[in-house]
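Structural description and commentary
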Amino acid sequence: MNVSVSVWTLRTGTALAALLLSMLHPTAASAAAEACPRFVPASEGLPTKGEWRTHPALADIDGDGDLDLAGHIRKGKGAHAWLNDGKSVWTEASTGLMIPGFTCGVGVDLADVNGDGHTDLGVADHCNGLFVYLGDGKGNWRLSSSILRRAEKGFEDVRFADIDRDGHLDLVAIGSFRGGIQVHLGDGAGRWTLAPAEETGLPGRGYGSDIEIGDIHADGTPDIVAAYSGGAFNPPPPELQRNIAWLSNGDSRYHPATPGLFHDGRAFGVSLGDVNGDGRVDLAVSRDRGVPIQIYLQGEDGGWKLSSEGLPEPGDIRAYGIELADMNADGKLDLVAVDHMSPGLGLWLGDGAGGWKACAESGLPMGKLEDMRGWGVAVGDLNGDGRPDIAAGFGRNRQGAMDVWVQKP
């Protein structure tokens, strides 16, 4: 059985583990909560060359119960996938993952789109458009019957979700030039139909770099958050006003949810999770102005309130990809971010109330400014020990790597 793993699943498991630990060994639970988790490299078999401009994805591709990895390369021939042996040794499994022409990166997503029990792969290419590959469970892929290619409109990131709630996964993507946010409705067999922007209520123009889907208002419908920019002008014209979150109307239409969110500058990465344990979904954003990473707590009225105490100051890091996850099993969400100006990662522990503490001794690399960029990050238990691990993509000027770090016992 193939299981597509998300941060939501990870949070639930780690929170339960923390609760059981605190009941059986309260002293040990307290110590675990206070200590920063430590990581060691676990990238054997992954590429050490190439420009891995990607938002990687984790899921069980070959049905062996271990999370596998997919990513997309810039200045290459297509996306790549690697199978995990459960000990974080990786084997290339990319047969059939070819894109016509020269690839540009970036985002990928993994899910079973045609209901055959095998994990499939969605690819957003910065230059070439969208591609969906159907997997056979053995690391072989074939291009879906529809090629979602827009020669003049590349895409930065892609997510699978059942937007119209017909039981089939749909595809949501954010453009890299002027494609806006697009919804492609799936038929359950690997074919797709573009839903016009005037029908979805989502922006039909503009660009962005990251997109996530979750149930923000706990009404059972998929909502969308995106690192979206309305246009090249700052501020953009009113018809291209920036927004970060869109709520579902329940009928495949969306409306902006902006109270308390910023409308200046540019966002790079987004992530969703209940940061303060009040049962409401909160929002993490990495951006180019002010504090590099901002946390917005959702209020009872659906508005957003900034809560970033303890996160890096301007100039400390230029965060790009970010993920909220419970990294130390204390039942509170923490924050992982990849630096866009160095081959480095940062980890901040959450206090459950919207405050944060940096982990300086995590074992994760935090490089100095150099000719390298971090792009995206994914979190999941890669070696089956119950602790979340980290995968990230780095690259610039044809140099870089796909890297993995696992937690030390």
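A brief report on the enclosed structure follows.

A few words now on the packing of aromatic side chains. Counted by the stated rule, this structure contains 6 aromatic pairs. With a centroid separation of 5.8 Å and 75° between ring planes, the pair formed by Tyr-228 and Trp-246 is classed as edge-to-face. Remark: Trp-246 occurs in strand E17 (residues 245-248) and Tyr-228 occurs in strand E16 (residues 223-229); sequence separation between them is 18 residues. Taking relative accessible area as the criterion, Trp-246 reaches 3% and is therefore assigned buried. Look at Phe-394 and Trp-405: their rings are 6.3 Å apart centre to centre, the planes differ by 85°, and that puts the pair in the edge-to-face class. With Phe-394 in strand E28 (residues 389-396) and Trp-405 in strand E29 (residues 399-407), this pair connects stretches of sequence that are 11 residues apart. Of the aromatic side chains, those joined through ring pairs into one cluster are Phe-268, Tyr-320 and Trp-375.

Ranked by internal contacts, the top residues of the largest apolar core, which has 20 residues, are Met-327, Val-336, Leu-345, Ile-390 and Trp-405. Elements supplying a minimum of two residues to this core: strand E23 (319-325), strand E24 (334-339), strand E25 (345-350), strand E27 (374-380) and E28.

This part is about the side chain of His-72. By the secondary structure assignment, His-72 is in strand E4 (residues 68-72). By relative accessible area, His-72 is classed as buried at 0%. Within the local environment of His-72, its side chain forms a polar contact with the side chain of Asp-125, the two groups lying 2.8 Å apart.

Each value, and the rule that gives it
- Residues numbered from 1 in each chain as written.
- Predicted model: local features only at pLDDT ≥ 70, side-chain atom pairs only at ≥ 80, totals over all residues.
- Heavy atoms only, no water.
- Phe/Tyr/Trp six-rings, centres within 6.5 Å; stacked < 30°, edge-to-face > 60°.
- Helix = DSSP H or I, 4+ residues; strand = E, 2+ residues; numbered from the N terminus.
- Buried < 20%, exposed > 50% of the residue type's maximum accessible area, 1.4 Å probe, protein only.
- Core = buried A, V, L, I, M, F, W, Y, C linked by side-chain atoms within 4.5 Å.
- Polar contact = N/O pair within 3.5 Å; in protein donor to acceptor, adjacent residues only side chain to side chain.

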